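Fold and contact review
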Amino acid sequence: VPVRIAPFQLRESPVSIGEFRDFVIANPQWQRGQTPSIFADVRYLADWPAADRIESGPDAARRPVTNVSWFAAEAFCESEHARLPTWLEWEYAAAADETRRDARNDPAWRRRILGWYERPANSVLPPVGGAANAYGVRDLHGVVWEWVDDFNALFIAGDSRTQGDPDLLKFCGAGAISIVDRDSYAVLMRIALLSSLSAADTTRTLGFRCARPIEAPRP
């Protein structure tokens, strides 16, 4: 059954290490060592040389920030008067390729996405800013997995394999989209990862970006 998605804006690229460094400097309660364990596990920002200092190098600040908990990601988005995207919003934007707003019926596109998931994670992530999709949004695939606001509402039933389960802001639009598809293995992999996490968890391959609803004009 298609699901209606209200108009929203989505950050062009995942939040970078440099942007998150500026956030923790301005909000020291989110620095490593200052954040209570209930809000972030022991791996939180563990790859940073210091609580408010990142690695040096030409692309270091432009790489996507990872080892960030859901709580920290949500706090960053709130600092931008935004929020994490819902799972449906993220999947809506991620269904697009460079020219089409919904490329999911293209077997070659699906294979390309699955090919990224099958590769071992790179020890050094590339900088954000890859090719834009049809909405002008970048790096939804091929760089990092991403937090969504309602990650803890996702689950996979035992028969899901046969049935399927459900530093700019870009307009992603409104519309109807049907996510459930027995060939949507990449979608199921994302659900499996997110549903396995708690809000304090962090991983070196999980980043985030922010979203905002678009207010309907008053009559």
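Fair warning: this is a prediction, and the values are worked out from it, not measured in the lab. (Residues numbered from 1 in each chain as written. Predicted model: local features only at pLDDT ≥ 70, side-chain atom pairs only at ≥ 80, totals over all residues. Heavy atoms only, no water.)

A look at the overall build of the chain
The condition is simple: Helical segments are the DSSP runs of H or I of at least four residues, strand segments are the runs of E of at least two, and each set is numbered from the N terminus. Note on exposure labels: buried denotes an accessible area under 20% of the residue type's maximum, exposed denotes more than 50%, and partly exposed covers the range between, all computed with a 1.4 Å probe on protein chains only. Note on areas: these come from Shrake-Rupley sampling with a 1.4 Å probe, and a residue is covered only by the protein chains present in the view.
Scanning the chain from N- to C-terminus turns up six helices and seven strands. Starting at the N terminus and ending at the C terminus, the chain contains elements arranged as β-β-α-α-α-α-β-α-β-β-α-β-β. Looking at the chain as a whole, 46% of its 219 residues qualify as buried. Put simply, the chain shows about 11100 Å² of open surface, and 53% of that area lies on carbon and sulfur atoms.

Brief notes about the state of the cysteines
For the record, the criterion: By definition, disulfides here are pairs of cysteine sulfur atoms that lie within 2.5 Å.
Using the criterion set out here, one finds one disulfide in the structure. Across a sulfur-sulfur distance of 2.2 Å, Cys77 and Cys210 are joined as a disulfide pair. The sign of the -85 degrees torsion about the S-S bond sets the Cys77-Cys210 disulfide as left-handed. The same class applies to Cys77 as to Cys210, namely buried.

Focus on the nonpolar core
Applied cut-off: In plain words, nonpolar cores are sets of buried Ala, Val, Leu, Ile, Met, Phe, Trp, Tyr and Cys residues tied together by side-chain atoms within 4.5 Å. Here a residue-residue contact requires only that any non-hydrogen atoms of the pair lie within 4.5 Å.
Formed by 55 residues in total, the largest nonpolar core has its most connected members in Phe20, Val65, Trp147 and Phe208. Ranked by residues supplied to this core, first place goes to helix H2 (residues 70-79) with six residues. When residues no more than four places from it in sequence are discounted, the contact partners of Val65 are Val15, Ser16, Ile17, Phe20, Leu45, Trp48, Leu206, Gly207 and Phe208.

Things to note about the packing of helix H3 (residues 87-94) against helix H6 (residues 185-195)
Going by this rule: Every axis in this analysis is a line fitted to C-alpha atoms, fitted for helices over the stretch in contact. Angles between the N-to-C directions lie between 0 and 180 degrees. Roughly parallel refers to an angle under 35 degrees, roughly antiparallel to one over 145, roughly perpendicular to one between 65 and 115, and oblique to any angle outside these ranges. Handedness of each helix crossing follows the sense of rotation of the near helix against the far helix: counterclockwise by less than a right angle gives left-handed, clockwise gives right-handed. Gly is put with the polar residues, along with every residue not named as nonpolar or charged; the nonpolar set is Ala, Val, Leu, Ile, Met, Phe, Trp, Tyr, Cys and Pro, and the charged set is Asp, Glu, Lys and Arg.
Two numbers describe how H3 lies on H6: the axes approach to 12 Å, and their chain directions differ by 150 degrees. Relative to H6, the element H3 lies roughly antiparallel. As for the relative orientation of H3 and H6, their crossing is right-handed in sense. In this structure, H3 contributes Trp87, Trp90 and Glu91 to the contact, and H6 contributes Val187, Arg190 and Ile191. Partitioned by chemical class, the residues of the contact of H3 with H6 number four nonpolar, no polar and two charged.

What to know about the packing of helix H1 (residues 17-26) against H2
At a minimum axis distance of 11 Å, the contact between H1 and H2 shows a crossing angle of 80 degrees. Taken together, the axes of H1 and H2 are roughly perpendicular relative to one another. Each of Glu19, Phe20 and Phe23 in H1 lies in contact with H2, whose residues at this interface are Ala72, Ala75, Phe76 and Ser79. Residues belonging to the contact of H1 with H2 are distributed by class as follows: five nonpolar, one polar and one charged.

Side note on H1
Of the residues making up H1, those classed as buried are Ile17, Gly18, Phe20, Phe23 and Val24. Summarising the contacts, the buried residues of H1 are in contact with H2.

Some thoughts on the confidence of the model for the chain
Spelled out, the test is: Per-residue confidence from the predictor is reported as pLDDT, which spans 0 to 100.
Within the chain, residue pLDDT values average 86, and 84% of them lie at 70 or more. Confidence scores differ between elements of the chain, with helix H5 (residues 160-163) showing the lowest mean pLDDT of 38 and H2 the highest of 98. Within the model, the stretch residues 157-168 combines pLDDT values under 50 with 21 contacts to residues more than four positions away or in other chains. This model gives residues 173-177 a pLDDT under 50, and the stretch forms 21 contacts once residues within four places in sequence are excluded.

Brief notes about unusual backbone geometry
One non-glycine residue, His81, lies in the positive phi region at around 55 degrees. Its place among the elements puts His81 in the loop between H2 and H3. Phi is positive for Asp139, close to 65 degrees, though the residue is something other than glycine. Along the chain, Asp139 falls in the loop between helix H4 (107-118) and strand S3 (145-146).

Looking at H4
Going by this rule: To estimate how far a helix should reach, multiply one less than its number of residues by 1.5 Å. What the arc covers is the set of directions going from the helix axis to the C-beta atoms. Distance and chemistry together define a polar contact, namely a pair of N or O atoms within 3.5 Å, with one atom able to donate a hydrogen and the other to accept it when in protein, and with adjacent residues in sequence counting only for side-chain atoms on both sides.
The end-to-end C-alpha distance of H4 is 16 Å, a good match for the 16 Å that 12 residues give at a rise of 1.5 Å each. Every buried residue belonging to H4 is among Trp109, Ile113, Leu114, Trp116 and Tyr117, and all of these are buried. The buried residues of H4 occupy an angular sector of 150 degrees when projected down its axis, which confines them to one face. Facing away from the buried surface of H4 by more than 90 degrees, the exposed residues are Arg111 and Glu118. Its side-chain oxygen at 3.0 Å from the backbone nitrogen of Ala108, Asp106 defines the N-terminal cap of H4.

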